[in-house]
Amino acid sequence: TKGDLVGEKLGSRFGGFNGRDAEQKLQQRGYKMSNGAGVDMPLEKVEVKTRAKEATSPHTVATMKANDIINTDYENSLVYKKFQQQYRIKTENNIVTENKIYDFSNEWVQRDIQEAYEICQAKLQAGDKGDTIYGSPWGYLEKKKGTKSSYSFRISHGAMEKLEAMTTSTLSKHFTLE
């Protein structure tokens, strides 16, 4: 398919170069890309994320100003918008080895991420301005370096592996939770 980047070489994984490189390659293949707030591929409603297979650092979902987190419910937040469908591109030595759409819109996943967001939100509302604000095992806020009031919503590597596994399970195709 035109979006398959397997075998493509991307820029360095440090400093966001491989992510921008992947987005540029997708744009060259005819996809409309957005660098503004919201998802990277607005027509498809898909966020693009690159990740080195050897990386173990937490995954950044979205960055928001503290006041925006305080005043925005989860379903209207940038975290919600960017954590529905993601085109996750995995690399080894900056070469794409895997790329796949993950559908995180499933209600179990969203419930866990929403809970983490709302715990963090409540802590900000109560005046917590720490460098790290813990939500739950499914997400936390980390103050963005070089800013006074911007936080990245992050998910640990282990939690993201579990979320990816949940979204590739066939369980949701056969059962409905009530």
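Conventions and cut-offs
Residues numbered from 1 in each chain as written. Predicted model: local features only at pLDDT ≥ 70, side-chain atom pairs only at ≥ 80, totals over all residues. Heavy atoms only, no water. Pairing = 2+ DSSP bridges. Helix = DSSP H or I, 4+ residues; strand = E, 2+ residues; numbered from the N terminus. Axes fitted to C-alpha atoms, helices over the stretch in contact; angles between N-to-C directions. Contact = heavy atoms within 4.5 Å. Buried < 20%, exposed > 50% of the residue type's maximum accessible area, 1.4 Å probe, protein only. Polar contact = N/O pair within 3.5 Å; in protein donor to acceptor, adjacent residues only side chain to side chain. Expected span 1.5 Å × (residues − 1). Arc of directions from axis to C-beta. Core = buried A, V, L, I, M, F, W, Y, C linked by side-chain atoms within 4.5 Å.

Turning our attention to the sheet that holds strand β6 (residues 139-143). In spatial order, the strands read β2-β7-β6-β5; together these four strands make up an open sheet with antiparallel pairing. Each of the sheet's edge strands pairs with one partner strand only, and the pair in question is β2 (59-65) and β5 (132-136). Sheet twist, expressed as the average angle between the axes of neighbouring strands with direction ignored, equals 20°. Helix-sheet contacts for helix α4 (residues 107-125) involve β2, β5, β6 and β7 (150-155), and the interaxial angle to β5 is about 140°.

It is worth spelling out the environment of Y151 at this point. Looking at the element boundaries, Y151 is found in strand β7. Residue classification places Y151 among the buried residues on the basis of a relative accessible area of 1%. A polar contact is formed between the side chain of Y151 and the backbone oxygen of G130, at a distance of 2.8 Å.

Time to look at helix α1 (residues 17-28). In this model α1 runs 16 Å from its N-terminal to its C-terminal C-alpha over twelve residues, within 8% of the 16 Å that 1.5 Å per residue would give. For α1, the full list of buried residues reads N18, G19, A22, E23, K25 and L26. Seen from one end, α1 has its buried residues packed into an arc of 160°, which puts them on one side. On the buried face of α1, the contacting elements are β1 (47-52) and β3 (85-92). Two residues or fewer past α1, G30 is found with a positive phi of approximately 105°.

Here we come to the nonpolar core. V79, F83, I113, F153, I155 and L163 are the most contacted members of the largest nonpolar core, which has 27 residues in total. Sorting the residues of this core by element identifies β2, α2 (66-71), α3 (78-82), α4, β7 and α5 (157-168) as the ones contributing at least two each. Here the element with the most residues in this core is α4; it accounts for six residues. Within the second largest apolar cluster, twelve residues are counted, among which are A22, M33, V46 and V48.

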